[in-house]
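Reading the structure
Here is how the chains run, residue by residue.
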Amino acid sequence: MTRISNEQKVRSTTVLLVSKDGKTAMAGDGQVTLGDTVIKGNARKVRRIYNDKILIGFAGATADAFTLLTRFEAKLEQFQGQLERSAIELTKDWRTDKYLRHLEALMIVADEKAAFLISGNGDVISSDEGLLSVGSGSMYATASARALLKHTDLSAKEIAEESLKIAGEICIYTNSDIILEEI
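First, a word on scope: everything that follows refers to the structure included in this document. (Residues numbered from 1 in each chain as written. Predicted model: local features only at pLDDT ≥ 70, side-chain atom pairs only at ≥ 80, totals over all residues. Heavy atoms only, no water.)

1. Describing the overall build of the protein
Just so we agree on the cut-off: Helix and strand labels come from DSSP, where a helix needs a run of H or I of at least four residues and a strand needs a run of E of at least two; each type is numbered from the N terminus. This radius of gyration counts C-alpha atoms alone. The globule rule is 2.2 Å times how many residues there are, raised to the power 0.38. Remark: exposure states derive from per-residue accessible area (1.4 Å probe, protein chains only) relative to the maximum for the residue type, with buried under 20%, exposed over 50%, and partly exposed in between. Residues count as neighbours in contact if any of their non-hydrogen atoms are within 4.5 Å of one another. Note on charges: Lys and Arg go in the positive column, Asp and Glu in the negative column, and His and the chain ends are not counted at all. By convention, the point assigned to a charge is CZ for Arg, NZ for Lys, CD for Glu and CG for Asp.
Within the protein, the regular secondary structure consists of four helices and 12 strands. Taken over C-alpha atoms, the radius of gyration comes to 16 Å for the protein, in line with the 16 Å a tight globule of 183 residues would show. Principal axes of the C-alpha set define a box for the protein whose edges measure 50 × 40 × 25 Å. Counting all 183 residues of the protein, 46% fall into the buried class. The contacts in the protein between residues at least 6 apart in sequence include a share of 59% that link residues at least 24 apart. Taking the 23 positively charged and 26 negatively charged side chains of the protein as two groups, their mean positions are separated by 5 Å.

2. What to know about the nonpolar core
In summary, soluble globular proteins display a tendency toward joint burial of nonpolar side chains. The cut-off we apply is this: Throughout this description, the term nonpolar core refers to a set of buried Ala, Val, Leu, Ile, Met, Phe, Trp, Tyr and Cys residues connected via side-chain atoms within 4.5 Å.
Among the nonpolar cores identified, the biggest contains 21 residues, and Ile49, Phe72, Met107 and Val109 are the most heavily contacted of them. Elements represented by at least two residues in this core include exactly β7 (54-60), α1 (62-78), α2 (83-96), β8 (105-110) and β9 (115-119). Counting residues per element, this core draws most heavily on α1, which supplies five residues. Sequence-distant contacts of isoleucine 49, that is, excluding residues within four places in its chain, are made with Ile54, Ile56, Leu69, Phe72, Glu73 and Leu76.

3. Brief notes about a negative patch on the surface
Note the cut-off: Patch rule: a residue counts if its relative accessible area is over 30% and it has no salt bridge; like charges are joined within 9 Å, and nonpolar side chains (Val, Leu, Ile, Met, Phe, Trp, Tyr) within 5 Å. Reported accessibility uses the Shrake-Rupley method at a 1.4 Å probe radius. Residues are deemed covered only where the shown protein chains occlude them. Salt-bridge detection follows one rule: a side-chain nitrogen of Lys or Arg within 4 Å of a carboxyl oxygen of Asp or Glu.
A cluster of acidic side chains, namely Glu158, Glu161, Glu162 and Glu169, defines a negative patch on the protein surface. Topologically, glutamate 158 is positioned in helix α4 (residues 156-170).

4. Things to note about the sheet that holds β9
Under the convention used in this document: When DSSP locates at least two bridges between a pair of strands, those strands are taken to pair. Helix axes are fitted only over the stretch in contact, all axes being lines through C-alpha atoms; the angle between N-to-C directions runs from 0 to 180 degrees.
Taken in spatial order, the five strands line up as β6-β7-β8-β9-β10 in an open sheet, and their pairing is antiparallel. Each of the sheet's edge strands pairs with one partner strand only, and the pair in question is β6 (46-49) and β10 (124-125). Sheet analysis places β8 next to β9, joined by five bridges and oriented antiparallel. In the strand pairing of β9, leucine 106 is matched with serine 119. Contacts from α2 reach β7, β8, β9 and β10, with the element oriented near 5 degrees to β9.

5. Examining the packing of α1 against α2
Stated formally: By definition in this entry, angles of less than 35 degrees are roughly parallel, angles greater than 145 are roughly antiparallel, angles of 65 to 115 are roughly perpendicular, and the rest are oblique. What makes a crossing left-handed is the near helix being turned counterclockwise from the far one by less than a right angle; a clockwise turn instead makes it right-handed.
Interhelical geometry of α1 versus α2 gives an angle of 130 degrees and a closest axis separation of 9 Å. Between α1 and α2, the angle is such that the two are oblique. Taken as a pair, α1 and α2 cross one another with a handedness that is right-handed. The residues of α2 that touch α1, namely those facing Leu68, Arg71, Phe72, Lys75 and Leu76, are Leu83, Ser86, Ala87, Glu89, Leu90, Asp93 and Trp94.

6. Examining the side chain of glutamate 89
Inclusion rule: Polar contacts, as used here, are pairs of N or O atoms within 3.5 Å; protein pairs need one atom able to donate a hydrogen and one able to accept it. Residues neighboring in sequence count only if both atoms are side-chain atoms.
Mapping glutamate 89 onto the fold places it in helix α2. The buried category is assigned to glutamate 89, whose relative accessible area is 16%. Looking at glutamate 89, its side chain comes within polar contact range of the side chain of lysine 92, at 3.2 Å.

7. Quick look at α1
Note the threshold: Expected span of a helix: the number of residues minus one, times 1.5 Å.
Under the 1.5 Å per step criterion, the end-to-end length of α1 is 24 Å for 17 residues, consistent within 8% with the ideal 24 Å. Positive phi shows up at glutamine 80, right after α1, with a value of about 50 degrees.

8. So, the packing of helix α3 (residues 138-151) against α4
Using the following cut-off: Residue polarity follows a fixed list, in which Ala, Val, Leu, Ile, Met, Phe, Trp, Tyr, Cys and Pro are nonpolar, Asp, Glu, Lys and Arg are charged, and the others, Gly among them, are polar.
The interhelical angle for the contact between α3 and α4, taken along N-to-C directions, is 140 degrees, at an axis separation of 8 Å. In this view, α3 runs oblique relative to α4, as classed from their interaxial angle. Considering only the axes of α3 and α4, their crossing is right-handed. Where α3 approaches α4, its residues Tyr140, Ala141, Ser144, Ala145, Leu148 and Leu149 are matched on the opposing element by Ile159, Glu162, Ser163, Leu164, Ile166, Ala167 and Ile170. Looking at the contact of α3 with α4 residue by residue, the classes come out as 10 nonpolar, two polar and one charged.

Rendered as structure tokens:
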């Protein structure tokens with residue numbers, strides 16, 4: 001059995017959410033890296049859930065992210081699609097449950113009205129400026145998106161895509177195989 005050392009940490013993901021003019025776009029790259037080797041180039045880290053009404057993007061350990069995705073979908077069903085309530089309830093479980101609190105992932109969730117970054121530290125963070133990001137290249141994507149929001153007339157979708165391309169040119173853990181969803 002091969003062990004993964006600290007130097008060979010699995011790194012992946014840049015996910016960016018941009019809200020502008022009543023539209024919300026979420027984009028994620030497809031790269032998964034083990035140490036200094038790209039092991040997958042087309043992972044799907046952005047999805048539509050809850051009858052295509054909610055966008056979700058995730059970063060971190062894949063199995064952990066999918067566990068949280070499943071739990072979040074259950075919360076959405078339980079609370080009839082109420083995004084904020086479902087996010088808060090998932091975060092409570094994530095923080096207090098013996099099994100869940102060891103999961104290493106971050107999520108961004110959004111509907112037509114709101115968007116939140118959710119963490120296992122108990123965070124449910126909304127954005128004042130219409131931008132949220134997670135993952136290895138998140139700061140590059142956020143910086144790019146912030147500049148494009150201020151200095152262009154591009155749409156949310158165009159800003160998300162261009163910002164992820166820019167992040168991919170800078171961050172070695174981000175590629176240009178972009179999945180983009182908009183609501």
